[in-house]
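Residues per chain are reported as follows:
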Amino acid sequence: MPADYRFSLGPWNIHPGADPFGPPVRPPVSFDDVLTAAVDLGFSGIQLHDDDAVPNLENLPPAAVVREAAELRKRLDDHGLVAEFVAPRLWEHAHGIDGGYTSNCPKARTWAIERSKRAVDVALAVGCDLIVMWPAREGTAVRESKNPIEAARQMLEAIDAMLAVAPNVRIAIEPKPNEPVDHAFVPTIGHALALGARSSDPARVGVLIESAHAILAGLDPSDEMGFALAAGKLWSVHLNDQNGLKFDQDKVFGAANLRGAFDQVRVLEAAGYADLGGFVGFDVKAQRTQRAGAATAHLATSKRIFQMLVAKVRSFPERTANECIANRDYEALERLVLEHLLAG
Ligand code: XUL
Ligand code: MN
């Protein structure tokens, strides 16, 4: 029997509905309510930005940051939850206006590295060894504003600084090709793995793949996952969906491309992802039209669709598929997949 999948979410996945064109439409949800909702939804992992875990971390000495993170660990414990990862949130702070690690301001770069080291402290105190590095503003809106050769070196320096904090800390890079910047540095899984391979300890650098981010890069998320899985580097996923090349939509898993979602689940199943111990995270956003009482439906639906797709993958007629492949009859294979997906 394959292991059961473990599901995770971040507090930002349950939010009051503000978007770049309008204010919140639902009351704020407290952190404790997020934890309760996670349990009710059958999730066991909580993903955290460093300041989700310790909201005032910028104003606290390092020892106090660690103390607060340890307190949070107890609160998670009380709910039967564990922290999956901590991600340094550099992109909301004034110092991170032009990126952190690749900012053109040396003071901002120093701040970014120091803050990232604190994020490692937070992760260890909250009981996890995984840091997620989403290089949000590490990139350009004006191509000539930064030197891409220098930027690769700076990203590497940041990774090495975090690795040096503790011998057991691991880093999962979560690439995204654009938004909020026009061109992000490290835009795909290939870039992330190449960078990790040049770090001071390649064994401790892997990736988190978000479906929508791969689609925004014009790539197939299941192939991106396959590439990372082949290298033993897929340490987390942010399953969601994306309707073509536009802003990062964070739609319900499978909502835009059910077959693409099936293929992602299929590659996870093929690799025994559940046995490898990684969480299945859903980086999905509630629609702004949603009323407060129903603003977790996107998470419940994503999980349900994932589980239904696991059943679809497990009942897929692999033998017939292999016959189609042996006969090089890919039209028959196409039909087999489509009929299987449509069968009740
Ligand atoms: C941004 C994104 C982030 C990261 C965590 O597009 O996906 O939420 O997953 O910082
Ligand atoms: Mn994400």
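Just so we're clear, the structure is a prediction, and the values are computed from it rather than from any experiment. (Residues numbered from 1 in each chain as written. Chains lettered and ligands numbered in written order. Predicted model: local features only at pLDDT ≥ 70, side-chain atom pairs only at ≥ 80, totals over all residues. Heavy atoms only, no water.)

Caption draft 1: Molecular detail of the site of ligand 1. Taken together, the residues surrounding ligand 1 are W12, H49, W91, W134, E174, K176, E210, H213, H238, D248 and D283. Between W12 and ligand 1, the recorded distance is 3.4 Å, taken from a side-chain N or O atom to an oxygen atom. Take D248: an N or O atom from its side chain is 3.0 Å from an oxygen atom of ligand 1. Its residues assigned to classes, the shell around ligand 1 comprises 3 nonpolar, 3 polar and 5 charged. (Near = heavy atom within 4 Å. Polar contact = N/O pair within 3.5 Å; in protein donor to acceptor, adjacent residues only side chain to side chain. Nonpolar A, V, L, I, M, F, W, Y, C, P; charged D, E, K, R; others polar.)

Caption draft 2: Quick look at the pairing of strand 4 (residues 130–133). With burial as the criterion, each face of strand 4 is covered, one bearing L130 and V132 and the other bearing I131 and M133. Both strand 4 and strand 6 (residues 170–173) contribute to a ladder of 4 bridges, which runs parallel. Among the inter-strand pairings, L130 is bridged to a residue of strand 6, identified as R170. (Buried < 20%, exposed > 50% of the residue type's maximum accessible area, 1.4 Å probe, protein only. Helix = DSSP H or I, 4+ residues; strand = E, 2+ residues; numbered from the N terminus. Pairing = 2+ DSSP bridges.)

Caption draft 3: Layout of the packing of aromatic side chains. For the structure on display, the rule yields 10 aromatic pairs. Plain terms: the ring middles of Y5 and F306 are 4.8 Å apart, the flat faces sit at 85° to each other, and that makes the pair edge-to-face. In this pair, Y5 is assigned in the segment before strand 1 (6–9) and F306 in helix 11 (residues 297–314), connecting sequence segments 301 residues apart. The exposure class assigned to F306 is buried, which follows from its relative accessible area of 0%. Measuring from centroid to centroid gives 5.7 Å for F7 and F306, while their planes differ by 85°, and the two rings are edge-to-face. Here F7 is found in strand 1, whereas its partner F306 is found in helix 11, with 299 residues between them in sequence. Under the relative-accessibility criterion, F7 is labelled buried at 5%. (Phe/Tyr/Trp six-rings, centres within 6.5 Å; stacked < 30°, edge-to-face > 60°.)

Caption draft 4: Here's a closer look at the packing of helix 8 (residues 221–230) against helix 9 (residues 258–271). Running from N to C, helix 8 and helix 9 cross one another at 15°; their axes reach a closest spacing of 8 Å. Judged on the interaxial angle alone, helix 9 and helix 8 are roughly parallel. Note that helix 8 runs across helix 9; the crossing there is right-handed. In contact with P221, S222, M225, G226 and L229 of helix 8, helix 9 contributes D263, Q264, V267, L268 and A271. Among the residues forming the contact of helix 8 with helix 9, the class breakdown is 6 nonpolar, 3 polar and 1 charged. (Axes fitted to C-alpha atoms, helices over the stretch in contact; angles between N-to-C directions. Parallel < 35°, antiparallel > 145°, perpendicular 65-115°, else oblique. Left-handed = near helix turned anticlockwise from the far one by under 90°. Contact = heavy atoms within 4.5 Å.)

Caption draft 5: Main features of the nonpolar core. Of all hydrophobic cores here, the largest spans 85 residues; its most connected members are L234, F282 and F306. The dominant element in this core, judged by the number of residues it contributes, is helix 4 (residues 106–126), at 9 residues. Counting residues in each nonpolar core, the second largest holds 7 residues, with L130, V132, A172 and L208 among its members. (Core = buried A, V, L, I, M, F, W, Y, C linked by side-chain atoms within 4.5 Å.)

Caption draft 6: Local environment of the coordination of the manganese ion (ligand 2). Protein ligation of the manganese ion (ligand 2) involves E174 (OE), E210 (OE), H238 (ND1) and D283 (OD), the donor distances falling in the range 2.0 to 2.2 Å. Between the 6 donor atoms coordinating the manganese ion (ligand 2), the angles at the centre fall across 78 to 174°, so the site counts as octahedral. The motif formed by the donor residues of the manganese ion (ligand 2), counted along the single chain, is E-x35-E-x27-H-x44-D. Of this pair, E174 sits in the loop between strand 6 and strand 7 (183–184) while E210 sits in strand 8 (residues 205–210), and the two are 36 residues apart along the sequence. Taken as a pair, E174 and E210 share a single burial class, namely buried. (Donors = N, O, S within 2.8 Å, 3.2 Å for Na, K, Ca; no water. Tetrahedral: all angles 85-135°; square planar, octahedral: opposite > 155°, others 65-115°.)

Caption draft 7: Geometry of helix 5 (residues 148–163). The first and last C-alpha atoms of helix 5 sit 23 Å apart over 16 residues, in line with the 22 Å expected at 1.5 Å per residue. Buried within helix 5 we find A151, Q154, M155, L156, A158, I159, A161, M162 and L163. Elements in contact with the buried residues of helix 5: helix 4, strand 4, strand 6, helix 6 (189–197) and strand 8. (Expected span 1.5 Å × (residues − 1).)

Caption draft 8: Just unusual backbone geometry, in detail. Going from E179 to P180, the amide bond is cis rather than trans, its omega being 10°. Structurally, P180 can be placed in the loop between strand 6 and strand 7. The backbone of E179 shows a phi angle near 70°, a positive value even though the residue is not glycine. Here E179 shows up in the loop between strand 6 and strand 7. One non-glycine residue, D250, lies in positive phi territory at about 50°. Along the chain, the position of D250 falls in the loop between strand 9 (234–239) and helix 9.

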